[in-house]
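# Structural description and commentary
Okay, here's what each chain looks like letter by letter:
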Amino acid sequence: MKLGILKTDAVRPEWVPEFGEYPDMFTVLLGREDPELEFVVYDVEEGEYPQDIDEVDAYLITGSKSSVYEDKAWIARLIDFVRELDARGKKLVGICFGHQVVAQALGGKTEKSSKGWGVGRHTHTFTERPDWHDGGKADFDILVSHQDQVVRNARGARVLAGSDFCENAVVQVGDNILTFQGHPEFVPGYSREIMEFRREAIGEEAYSRGMASLDRAAESERIARWILNFLKR
């Protein structure tokens, strides 16, 4: 399988030597579970798109510091591309910003949450277990970093998992789109760097809670298997 990664942001240069760019994080996460998976990166923030939508088997949209409701030409073009992917029935996975842009493109809405920042390790719970789920426990831990939240889902979306803080944490649209508000590609060290960098914006309470949450590992490998199960079904 060939996966097209739609890159929507750049990692701060001083962090790249240790953590890589966002596509690198997904290459490590998903490649560890399936060494035969191939990756193609399209920097959509810089206007890079496939010449043929079928040159890869499926797509994944990364996270971004941008908000999907910002008036930026590259975001408007990405929204159009998401609509095209959906119309063609192409498999698509959205992560954080990608989760939100899918909702925004397909009839939903994202806005800055009154609940403030979600950072560190959060627990989300499945209320419905789809066929790509492993059948294990309903709860799962994932690293998060977001202030925006989906407040209205895409048309026809099924909300599969959430929490009190984030009701729309895992969403599926039809048989071809799966989105996560959290970041399975993050490692604790990267989550820690982001919280340190945004400490003032996040606020001391959320910062302290987020830092303390890193004492237990997130379930990134489990989530990677879900994503691959979904893409290959």
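Please read all numbers here as calculations on a predicted model, not as lab measurements.

Take the overall build of the protein next. Broken down by element type, the protein carries eight helices and eleven strands. Relative to a compact globule of 233 residues, whose C-alpha radius of gyration would be 17 Å, the protein shows 16 Å and is just as compact. By its C-alpha atoms, the protein is 45 × 40 × 35 Å across when sized along the principal axes. Put simply, the protein has 233 residues, and 56% of those count as buried. Total accessible area on the protein stands at roughly 10200 Å², and carbon and sulfur atoms take up 45% of it. Averaging the positions of the 29 positive and the 41 negative side-chain charges in the protein gives two centres separated by 4 Å.

This paragraph deals with the pairing of strand β1 (residues 2-7). Taking burial as the measure, the six residues of β1 include five buried ones, the bulk of the element. Pairing geometry for β1 and strand β2 (residues 38-43), over six bridges, is parallel. Note on β2: the bridge partner recorded for Leu-3 is Phe-39. Pairing of β1 with strand β3 (residues 58-61) involves four bridges; the strand directions are parallel. The residue bridging Ile-5 from the neighbouring strand is Leu-60, located in β3.

With eight of nine residues buried, helix α4 (residues 97-105) lies mostly within the body of the structure. Of all the residues in α4, the buried ones are Phe-97, Gly-98, His-99, Gln-100, Val-101, Val-102, Ala-103 and Ala-105. Looking at the residues trailing α4, positive phi occurs at Gly-107, about 100°.

Moving on, we get to the UniProt feature "domain: Glutamine amidotransferase" (unreviewed entry) in the protein. Taking the numbering used here, the UniProt-annotated feature "domain: Glutamine amidotransferase" (unreviewed entry) corresponds to residues 53-192. For residues 53-192, the helix share is 21%, the strand share is 35%, and the end-to-end C-alpha distance is 36 Å.

Taken together, the nine strands give an open sheet; going across it, the order is β2-β1-β3-β4-β11-β10-β9-β6-β7, and neighbouring strands pair in mixed fashion. Where the open sheet ends on each side, the last strands, each with one partner, are β2 and β7 (139-146). Each strand of the sheet is rotated relative to its neighbour by a mean of 25°, with strand direction disregarded. As defined by bridge partners, strand β9 (residues 157-162) adjoins strand β10 (residues 170-173) across four bridges and the pair is classed as antiparallel. The residue bridging Ala-161 from the neighbouring strand is Val-170, located in β10. Most of the contacts of helix α3 (residues 73-88) go to β3, to which it runs at about 145°, and overall it touches β1, β3, β4 (91-95) and β11 (177-180). Sitting on the sheet, helix α8 (residues 220-232) touches β1, β3, β4, β6 (118-126), β7, β10 and β11, and the angle it makes with β4 is about 155°.

Scanning the model with the defined rule gives 14 aromatic pairs in all. Seen in terms of ring centroids, Trp-15 and Phe-197 are 5.8 Å apart; in terms of plane orientation they differ by 90°. Their pairing is edge-to-face. Of this pair, Trp-15 sits in the loop between β1 and α1 (16-19) while Phe-197 sits in helix α5 (residues 188-197), placing them 182 residues apart in sequence. According to the relative accessible area criterion, Phe-197 is partly exposed, its value standing at 48%. Three or more aromatic residues joined by ring pairs make a cluster, and in this case those are Trp-15, Phe-19, Tyr-22, Phe-186, Tyr-190 and Phe-197. One cation-aromatic arrangement involves Lys-91 over Phe-230; the distance from NZ or CZ to the ring centre is 4.8 Å.

To continue, consider unusual backbone geometry. Unusually for a residue other than glycine, Cys-96 sits at a positive phi of about 55°. Residue position: Cys-96 is located in the loop between β4 and α4.

Criteria and cut-off values
Residues numbered from 1 in each chain as written. Predicted model: local features only at pLDDT ≥ 70, side-chain atom pairs only at ≥ 80, totals over all residues. Heavy atoms only, no water. Helix = DSSP H or I, 4+ residues; strand = E, 2+ residues; numbered from the N terminus. Rg over C-alpha atoms; globule rule 2.2 N^0.38 Å. Buried < 20%, exposed > 50% of the residue type's maximum accessible area, 1.4 Å probe, protein only. Areas by Shrake-Rupley, 256 points an atom, 1.4 Å probe, with all protein chains shown as cover. Lys, Arg positive; Asp, Glu negative; His and termini not counted. Charge placed at Lys NZ, Arg CZ, Asp CG, Glu CD. Pairing = 2+ DSSP bridges. UniProt positions renumbered as here; feature names shortened; annotations may be inferred. Axes fitted to C-alpha atoms, helices over the stretch in contact; angles between N-to-C directions. Contact = heavy atoms within 4.5 Å. Phe/Tyr/Trp six-rings, centres within 6.5 Å; stacked < 30°, edge-to-face > 60°. Lys NZ or Arg CZ within 6 Å of the ring centre and 35° of its normal.

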